[in-house]
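Notes for the structure review
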Amino acid sequence: MTQVAPGEKDSGLPLSRDTMTLLNRIEQDWQRMRPELDASPMLTGLLLDRLGSAFARHIEQTYREEGINSSNWDLLLTLLRSAPPQGLTHTELSELTAISGPSMTNRVTRLLDKGLVERVVSAKDRRSALVRLTPQGRELVERLLPQHIEREQQALSVLTDEELRALTGIAMKLVGHLEVQALDEEAEADAKVGS
């Protein structure tokens with residue numbers, strides 16, 4: 001018999017025994033401790049968290065042996081896909097990857113140490129440096145990119161085209177909602193500080 005998350009319809013595929021056991025245990029614990037509490041948002045959040053972790057672990061197998069983590073891989077992919085030959089500034093990289101300034105500097109430094117990127121002084125502004133792939137970095141990304149895409153396709157292959165479109169739409173809706181909410185909360189906090 002296919003097990004499903006509490007309160008959910010059968011998707012046709014079982015959850016792993018560990019995940020199902022965990023979700024059932026958490027639901028039962030909350031029912032015992034706080035029977036009036038609807039714990040379903042927490043269970044959904046936990047399931048989304050486990051999905052994100054499982055997906056990341058699956059994809060990381062592509063580049064882990066190269067000593068690269070997911071954040072560095074994202075940066076390398078961004079440079080391959082978005083950088084002109086002269087490179088991108090740290091600010092441009094931050095905008096294209098949603099990584100903050102200090103974190104960006106740390107990641108770029110790690111990739112510099114590995115010889116995968118280089119900093120070049122901007123011809124337009126001598127105070128500004130551009131980051132670009134080295135030939136070694138470009139070779140690595142080009143070599144691993146087909147494996148990366150294949151691993152993503154493997155992970156998503158259990159979904160029909162319709163389910164994948166639905167998942168993408170739901171994910172975009174949730175991300176949009178949470179990002180707008182975060183901006184509203186930041187603006188509210190800034191207003192309190194300013195008053």
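The structure presented is a predicted model; accordingly, all values stated were derived computationally and were not measured.

On inspection of all chains with the given rule, the structure shows one aromatic pair. Taken together, a centroid distance of 5.1 Å and an interplanar angle of 20° make the contact between Tyr-63 and Trp-73 stacked. Taken together, the residues span a long stretch of sequence, with Tyr-63 in the loop between helix H2 (40-60) and helix H3 (70-82) and Trp-73 in helix H3 at a distance of ten residues. Among the residues examined, Tyr-63 registers a relative accessible area of 3% and is labelled buried.

Moving on: the pairing of strand E3 (residues 129-133). Consecutive residues of a regular strand have side chains that alternate between opposite faces of the sheet. Of the pairings in the sheet, the one linking strand E1 (residues 88-89) to E3 comprises two bridges and is antiparallel in character. The partner of Thr-89 across the bridge, within E3, is Leu-130.

Attention shifts here to the confidence of the model for the chain. Confidence along the chain averages 87 in pLDDT terms, with 91% of residues attaining 70 or more. At the low end of the mean pLDDT range in the chain sits helix H1 (residues 17-33), at 88; at the high end sits helix H6 (residues 135-156), at 96. pLDDT under 50 marks residues 1-13. Its contacts with residues more than four places away, or in other chains, come to 23 contacts.

Definitions and limits used
Residues numbered from 1 in each chain as written. Predicted model: local features only at pLDDT ≥ 70, side-chain atom pairs only at ≥ 80, totals over all residues. Heavy atoms only, no water. Phe/Tyr/Trp six-rings, centres within 6.5 Å; stacked < 30°, edge-to-face > 60°. Helix = DSSP H or I, 4+ residues; strand = E, 2+ residues; numbered from the N terminus. Buried < 20%, exposed > 50% of the residue type's maximum accessible area, 1.4 Å probe, protein only. Pairing = 2+ DSSP bridges. pLDDT = per-residue confidence, 0-100. Contact = heavy atoms within 4.5 Å.

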